[in-house]
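# Descriptive structure summary
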Amino acid sequence: MNPVPFTRISGMIFLTYLITNHPFIGAISFNCAAAVLIGFKSAMFIDLYGYTKCLELTAKHHGVTYNKILIGDFFAHIAPFLFLSYNYTRWFNQRYMINAFIVSSFIQLNWAYINCNGLNLNQIYLPDCPYQLSDKKWELMWLFSLLGHSLSSISYILSKEFT
């Protein structure tokens, strides 16, 4: 069975929100979109070579140019986050924030353990590549992903603190 990237899982949750317009699913979708965006983009700072290699392998796998992958990267990683941020009043409900954090984090951690038996995701994002990210770098990217999962709760707390 081929592993499914988490971006695809996050995209399915985003589509489910668009179809149902349910605030709890919107909160989960926002958390997953933020985790995907922050976690994936943190790789540029943690290991730029590994990040670039991942995009190159994706371009090769899909038989498209690197520039088309960058366009796809925008629509897969940035656009859902921007849409949900812009429309936060449609899904935001303070009662859902903690539960949405727990559910979205649980979904991603379960996905990692089902697909990779742990937090090292080289077999999904750098398959058959001689260059592999270390466990330490993956752990750092997971910290950024967890920050993404908690972004809606953090935003809510800060908005109450400064208003």
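Counting of residues starts from 1 at the beginning of each chain's written sequence and follows it residue by residue. Local features are withheld for residues below a pLDDT of 70 in this predicted model, meaning they are given only at 70 or higher, and side-chain atom pairs are given and counted only at 80 or more; totals for whole chains, interfaces and linings count all residues. Working from all heavy atoms in the structure, the side-chain values ignore hydrogens and water.

### A short note on the side chain of S10
- Each helix is a run of DSSP H or I of at least 4 residues and each strand a run of E of at least 2, with the numbering of both proceeding from the N terminus. In this fold, S10 is placed in helix 1 (residues 6–20).
- Ignoring anything within four residues of it in the chain, the contact list for S10 reads C32, A33 and V36. What makes two residues a contact is simply this: any of their non-hydrogen atoms within 4.5 Å.

### As for the packing of aromatic side chains
- Any two of the Phe, Tyr and Trp rings considered here, Trp counted by its six-membered ring, make a pair once their centres fall within 6.5 Å; the pair's planes then place it as stacked at under 30 degrees, edge-to-face at over 60, or tilted in between. Taken as a whole, this structure holds ten aromatic pairs when the rule is applied.
- Chaining the aromatic ring pairs together yields one cluster made of F30, F81, W91 and F92.
- We call a charge positioned above a ring when the Lys NZ or Arg CZ atom is no farther than 6 Å from the ring centre and deviates by at most 35 degrees from the ring normal. Between R95 and the ring centre of Y96, over which it is positioned, the NZ or CZ distance is 5.5 Å.

### Observations concerning the nonpolar core
- The biggest cluster of nonpolar side chains holds 39 residues, and the ones touching the most others in it are F6, L84, W91, W111, L121, Y125 and W138.
- Those elements giving two or more residues to this core turn out to be helix 1, helix 2 (23–46), helix 3 (48–62), helix 4 (66–86), helix 6 (97–116), helix 7 (122–125) and helix 8 (135–149). Only buried residues count toward a nonpolar core, which is a set of Ala, Val, Leu, Ile, Met, Phe, Trp, Tyr and Cys residues joined through side-chain atoms within 4.5 Å. When accessible area is computed with a 1.4 Å probe and restricted to protein chains, residues below 20% of their type maximum are described as buried, those above 50% as exposed, and intermediate ones as partly exposed.

### Some words on the confidence of the model for the protein chain
- Taken as a whole, the protein chain shows an average pLDDT of 91; of its residues, 98% reach a score of 70 or greater.
- Scored from 0 to 100, pLDDT reflects the predictor's confidence in each residue. Of all helices and strands in the protein chain, the one with the weakest mean pLDDT is helix 9 (residues 151–161) (79), whereas helix 1 scores best (96).

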